[in-house]
Amino acid sequence: MEENFKMIAKCFFGFEEILEKELRTLGAQDVEKGVRMVSFKGDKGFMYKANLSLRTALKVLKPIYFFRANNEQALYKGISGLNWSKYLNANQTFVIDTTVHSTYFNHSEFVSQKCKDAIVDQFRERTGQRPSIDKQHPDLRINIHIDRDQVSVALDTSGASLHQRGYRTATNIAPINEVLAAGILLLSGWDGQSHFLDPMCGSGTFLAEAAMIACNIPANINRKEFAFEKWKDWDNDLFDTIVDSLMKKTREFHFTIKGFDKAPSAVSKAKDNIRNANLEDYVTVFEENFFDTEKETEGKLHIVFNPPYDERLDIHMERFYASIGDTLKKNYPGTDAWFITANLEALKFVGLKPSRKIKLFNASLEARLVKYEMYEGSKRTKFQV
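Here the structure is a predicted model, which means the values were calculated and not measured. (Residues numbered from 1 in each chain as written. Predicted model: local features only at pLDDT ≥ 70, side-chain atom pairs only at ≥ 80, totals over all residues. Heavy atoms only, no water.)

Asker: So what exactly am I meant to see when it comes to helix 9 (residues 317-331) here?
Answerer: Its 15 residues place the ends of helix 9 21 Å apart at the C-alpha level, agreeing with the 21 Å of an ideal helix rising 1.5 Å per residue. Taken together, the buried positions of helix 9 are M317, F320, Y321, I324, G325, T327 and L328. In an axial view of helix 9, the angular spread of the buried residues amounts to 165 degrees, which keeps them on one side of the axis. Residues R319 and K330 are exposed on helix 9 and point more than 90 degrees away from its buried face. For helix 9, the secondary structure elements touched by its buried residues are strand 12 (301-305), strand 13 (335-341) and strand 15 (365-374). (Helix = DSSP H or I, 4+ residues; strand = E, 2+ residues; numbered from the N terminus. Expected span 1.5 Å × (residues − 1). Buried < 20%, exposed > 50% of the residue type's maximum accessible area, 1.4 Å probe, protein only. Arc of directions from axis to C-beta. Contact = heavy atoms within 4.5 Å.)

Next up, the structure:
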């Protein structure tokens, strides 16, 4: 049996709880929620499974070493204290990503350089050769995290951020990150048990993520590579077994997933991305202006979208957001509508009272995810028995 070891899944602010839930559902052990991260335990197979399956994780790290350092000599000595030949050969490449929250160390670049020197010197002394740095496609990606004098060394199991799912080749002016999209969908309660609409779908990210959630398709099944595939203990057969097991757990979807956009270029990009993700059987995209549409399906409709805000596109903010409210109220009864905006002022013009507001960040912009409940008939009627 493979031994369990500790891992850390990194996430966006506000997604800690849903990432914790994802990990528990997958079968992780000793799950503990932190800030922008959740720690857990699992074996090598679970490390593969977590990278393939997690929708709201940005990276999965494997901590391998801890020490204390309050100056550059102690840092160099600490990094030298680890036998790096367990993870890396002299003819391979590596890169170091560093995060620093410390009065002892001011610059992450300086820390990365010092740690690189320690690793390279160890190889040179032992073998006469040295591994080199490759920032684009390294054989090993090392993560250094310094909090005051506590230094944590971890291997990055993922490589490029896990939002790079592998299906999105075409994007619009302001695409929403795939991990952010998946997290918003899960926060909105989307579970594939109703019809779904993104009325301003752009390049189709919400549509693709919604379909994968509905069908229980692993989030990163279309991804080309993970960092652990270059590790010394890479087990191709185990990885294939994990993929087969996950794909057996996909499920049928009995509703519709539709997207509108008024820009022909956006519709074309969305269709390309949906095709890349092998989701054409579940998703349809139309060229439509949301403000000219009405609800087409019976029963509950789940709407999630990312309307433009004036940092990105030339719109009349007040009129635009007022039109969102009017269209939802008049044309979309029996709907739960969620959208994210970084223009907090614009929310005042929607003209509807949100039943929920969740603080999130879209890149560096503080944003709100808001929910509007559109009742069939009047709200009063709904509560009369």
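Moving on, there is more to tell.
Asker: I tried to follow the sheet that holds strand 10 (residues 257-261) on my own but got confused; where do I start?
Answerer: Strand pairing in a sheet is mediated by backbone hydrogen bonds. Such pairs are either parallel or antiparallel. Read across the open sheet, the seven strands follow the order 11-10-9-12-13-15-14; overall the sheet is mixed. Strands with a single pairing partner mark the edges of an open sheet, and in this sheet they are strand 11 (283-287) and strand 14 (356-362). Averaged over all pairs of adjacent strands, the angle between strand axes in this sheet comes to 20 degrees, irrespective of strand direction. Sheet contacts for helix 5 (residues 178-187): strand 9 (195-198), strand 12, strand 13, strand 14 and strand 15; angle to strand 14, the most-contacted strand, approximately 170 degrees. Its contacts with the sheet put helix 8 (residues 264-276) on strand 10 and strand 11, and the angle it makes with strand 11 is roughly 170 degrees. (Pairing = 2+ DSSP bridges. Axes fitted to C-alpha atoms, helices over the stretch in contact; angles between N-to-C directions.)

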